[in-house]
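# Structural characterization, general
Chain by chain, the residues:
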Amino acid sequence: MYQPLTSLTRDQQLEKLQLNSNNTIWDMIVVGGGITGAGILLTASQAGLKVLLIEKQDFAWGASSKSSKMVHGGLRYLGSGQYTMTKDAVTEREKLLNELPGLVNPLQFLMGHYKYQFPGPFIFNSLLTIYDWIGGKRNHRYINNGIADFHVPGIEQHQLRGATQFADAVTDDARLVMRVLQEAQELGGTVMNYLSADILLKQELKTEPKTTEQVTGIRVKDQVSGQQFNLTAKVVINATGPWTDKLRQQLQAKKAIRPLRGSHLIVPSWRLPLAYSVSYFHPEDKRPIFAFPWENSTVIGTTDLDHDDLEQQPCISQNEVDYLLSGINKQFPQAELSEADVISTYAGIRPVVSNNASENSKNDVKKTKPSDEKREHSIWNEQGLISVAGGKLTTFRLIALDVLKVAQHYLPDMNLVDLQTAKLFTAITVTPPTDSYLNQQQIQRLKSHYGSHYSHLLNHARHDELKLIGSTNTSLAELKWILQHEMVVHLDDLLLRRSRIGLLLPKGGEQLFTQLQHLCQTILEWDDQHWQHELARYQYIIQRYYGLPQQRFDIATFSDDLPRVVAH
């Protein structure tokens, strides 16, 4: 018998945490609800630990909903000699493809080779031979004719020598986080969004020849109600990505994170129809960038810039818009893409660990080009606070295992032997309803997005609710289920992370607002005032952080003050 993502409403879960806070000692508290934190929660739950994950914002609010969506081995890391990192990533990519078909899907890539451009076909295909050998199957070929006529219509043909086709994978990063959290909860893990870790709790330990302080828990604050209380744990894991240094500095640790912003444009697929992810070098700085098909649209990315303001959500700059458009129009000169074609934008912050980063070396850090920084993860064990940052979306399971190995110092009875080879995701044996008219691909998508819950979703949906919304792959039935079971607090939780409608439809999905008002007022018990407040908040977020820079000039400052809300 399955359980929904949480069998309690968010309010009930919060009340339970508060009531038990004085007499519950968690084995582990994970701070951070992105893919790294979610992976740690799941792996710790598989190890039988009593573990809680808390997130100051919403699950996948940061880079884990704003990545480039790629589940890949990092071909460029192999090119720079990082063989072990590439091997690990390719191995994990294959596992995710096998365990989550429909959520992690194969994606063919194509890179054109131009005269006088490095790397040439021979070097690139030699590299791919090693890449494919690591993955255990040949996944590349060289194409020297019919490129613009058949494979990538509209591609720049001047001095085009040929192209290489190779394979990696793509995902919906935010839904991947939700699926990992779901698996963890089914194993007894506990999750809570909009609960911030404000102050580390410490106590003195007498160890010869000196007395040291040990982290014993966290003082947390509910971002919805403002209530504060203490939580106690044997070990605290800091998986807050770009904000990693914030908790570490409570222990006087030196800064280690170099936040780097990567921004993207989304355009309708009909404006730039692609069957491949097309990789190319930007004419301005020769950085590798790409355009790829995603959720019936086309994504263009990405930039790699220092980002200093962690107090605000990141958003694309005008320079980045111009940079991405000039690059894509050079690669596809007939497309003539402009800002008028952009449905939405998004920007995420990569928590890159810089070898030069420290409290007093800000200028030294920026002597290194952002794209030249290494992307391996790092772990710090500091007085009962274990912090982790860096790494790749693809390798979240390996990062989690490394963190748990360090945590064994505080949890000596934890057994990690069986976790090295264990599957992350439980095989789904539930069959779909016999009267479902969905095709096999749609059923597979629901299975991978919602796990064993997908049959519950289908059984409680009317046929008309399974119709896809606009050009997206999402149905009204999914939105209803999400509102009922996935701890939605704000409208942007529903439309930007649980689903991606806000990114894929014009004006953040404005066409759905009437239907959503009824659903939110019925399921979440929002009154008219609450709905209007949430709608205004959402429209502000869409324009301010997911729109084009020119759309921000006329936006009034939004106040998020509202009486106590009901959150499920």
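In this text, all values refer to a predicted model and were calculated from it rather than measured experimentally.

### So, the overall build of the chain
- A count of helices and strands for the chain gives 18 helices and 18 strands.
- Computed over C-alpha atoms, the radius of gyration of the chain comes to 24 Å, within 12% of the 24 Å expected from 2.2 N^0.38 for 568 residues, which places it in the range of a compact globule.
- Seen through its principal axes, the chain has C-alpha atoms that stretch 70 × 60 × 50 Å.
- Per-residue burial over the chain gives 59% buried out of 568 residues.
- For the chain, restricting intrachain contacts to residue pairs at least 6 apart in sequence, the fraction spanning at least 24 positions comes to 71%.
- With an accessible surface of roughly 24400 Å², the chain has 49% of that area assigned to carbon and sulfur atoms.

### Section: the side chain of Thr 171
- For Thr 171, the position within the fold is in strand β6 (residues 160-171).
- Among all residues touching Thr 171, those that are not within four sequence positions of it are Lys 69, Val 71, Leu 103, Val 104, Leu 176, Trp 294 and Leu 393.

### With respect to helix α14 (residues 476-485)
- For α14, the buried fraction is high: nine of the 10 residues fall into the buried class.
- Within α14, burial applies to Leu 476, Ala 477, Glu 478, Leu 479, Lys 480, Trp 481, Ile 482, Leu 483 and His 485.
- Tucked inside the fold, the buried residues of α14 contact α7 (173-186), α12 (440-450), α13 (454-459), α15 (491-498), α16 (501-504) and α17 (513-523).
- Remark: Met 487 follows α14 within two positions and exhibits a positive phi of approximately 55°.

### Things to note about the pattern of salt bridges
- For the coordinates displayed, the defined rule picks out 29 salt bridges.
- Residues Arg 397 and Glu 92 are paired through a salt bridge, measuring 2.9 Å at the closest nitrogen-oxygen approach. Note that Arg 397 is positioned in helix α11 (residues 396-407) and Glu 92 in helix α4 (residues 83-99), a separation of 305 residues in sequence. Glu 92 matches Arg 397 in its accessibility class, with the two residues each being buried.
- When the shortest N-O distance is used, the salt bridge between Arg 497 and Asp 492 registers 2.6 Å. Residue Arg 497 shares its accessibility class with Asp 492, and that shared class is buried.
- Bridged by salt links that share partners, the residues Asp 58, Arg 175, Glu 486, Asp 492, Asp 493, Arg 497, Arg 498 and Arg 537 form one connected network.

### Considerations on the pairing of strand β16 (residues 344-353)
- Summarising burial for β16: nine of the 10 residues are buried, a large majority.
- Across 10 bridges, the pairing between strand β11 (residues 257-268) and β16 is antiparallel. Across the sheet, residue Ile 257 finds its bridge partner in β16, namely Val 353.

### Regarding the packing of α7 against α12
- In the contact formed by α7 and α12, the axes pass within 7 Å of each other and the chain directions differ by 60°. When the axis of α7 is compared with that of α12, the two are oblique. For the pair formed by α7 and α12, the contact residues are Arg 175, Arg 179 and Gln 182 on the first element and Lys 447, Ser 448, His 449 and Tyr 450 on the second.
- Along the lines of polarity and charge, the residues of the contact of α7 with α12 split into one nonpolar, three polar and three charged.

### Details of the packing of aromatic side chains
- Here the structure, examined in full by the defined rule, presents seven aromatic pairs.
- On the numbers, 6.4 Å between centres and 85° between planes, the contact of Tyr 540 with Tyr 545 is edge-to-face. Tyr 545 matches Tyr 540 in its accessibility class, with the two residues each being buried.
- Taken together, the ring pairs in this structure connect Phe 109, Phe 124 and Phe 166 into an aromatic cluster.
- Here Lys 69 stacks its cationic end above the ring of Tyr 346, 4.5 Å away from the centre of that ring.

### Thoughts on α17
- Within α17 the residues assigned to the buried category are Phe 513, Leu 516, Leu 519, Cys 520 and Ile 523. Projection of α17 onto a plane perpendicular to its axis shows the buried side chains occupying an angular sector of 120°, all on one side. More than 90 degrees from the buried face of α17, the exposed residues found are Thr 514, His 518 and Thr 522.
- Each element contacted by the buried residues of α17 is listed here: α14, α15 and α18 (528-545).
- Glu 525 sits one or two positions beyond α17 and adopts a positive phi of about 65°.

### Remarks on the side chain of Arg 175
- Checked against the element boundaries, Arg 175 lands in helix α7.
- Among the residues examined, Arg 175 registers a relative accessible area of 1% and is labelled buried.
- One polar contact links Arg 175 to Glu 486, side chain to side chain, over a distance of 2.9 Å.
- When sequence neighbours within four positions are dropped, the list of residues in contact with Arg 175 reads Leu 103, His 449, Tyr 450, Ile 482, Glu 486, Arg 497 and Arg 498.

Calculation notes
- Residues numbered from 1 in each chain as written.
- Predicted model: local features only at pLDDT ≥ 70, side-chain atom pairs only at ≥ 80, totals over all residues.
- Heavy atoms only, no water.
- Helix = DSSP H or I, 4+ residues; strand = E, 2+ residues; numbered from the N terminus.
- Rg over C-alpha atoms; globule rule 2.2 N^0.38 Å.
- Buried < 20%, exposed > 50% of the residue type's maximum accessible area, 1.4 Å probe, protein only.
- Contact = heavy atoms within 4.5 Å.
- Areas by Shrake-Rupley, 256 points an atom, 1.4 Å probe, with all protein chains shown as cover.
- Salt bridge = Lys/Arg side-chain N within 4 Å of Asp/Glu carboxyl O.
- Pairing = 2+ DSSP bridges.
- Axes fitted to C-alpha atoms, helices over the stretch in contact; angles between N-to-C directions.
- Parallel < 35°, antiparallel > 145°, perpendicular 65-115°, else oblique.
- Nonpolar A, V, L, I, M, F, W, Y, C, P; charged D, E, K, R; others polar.
- Phe/Tyr/Trp six-rings, centres within 6.5 Å; stacked < 30°, edge-to-face > 60°.
- Lys NZ or Arg CZ within 6 Å of the ring centre and 35° of its normal.
- Arc of directions from axis to C-beta.
- Polar contact = N/O pair within 3.5 Å; in protein donor to acceptor, adjacent residues only side chain to side chain.

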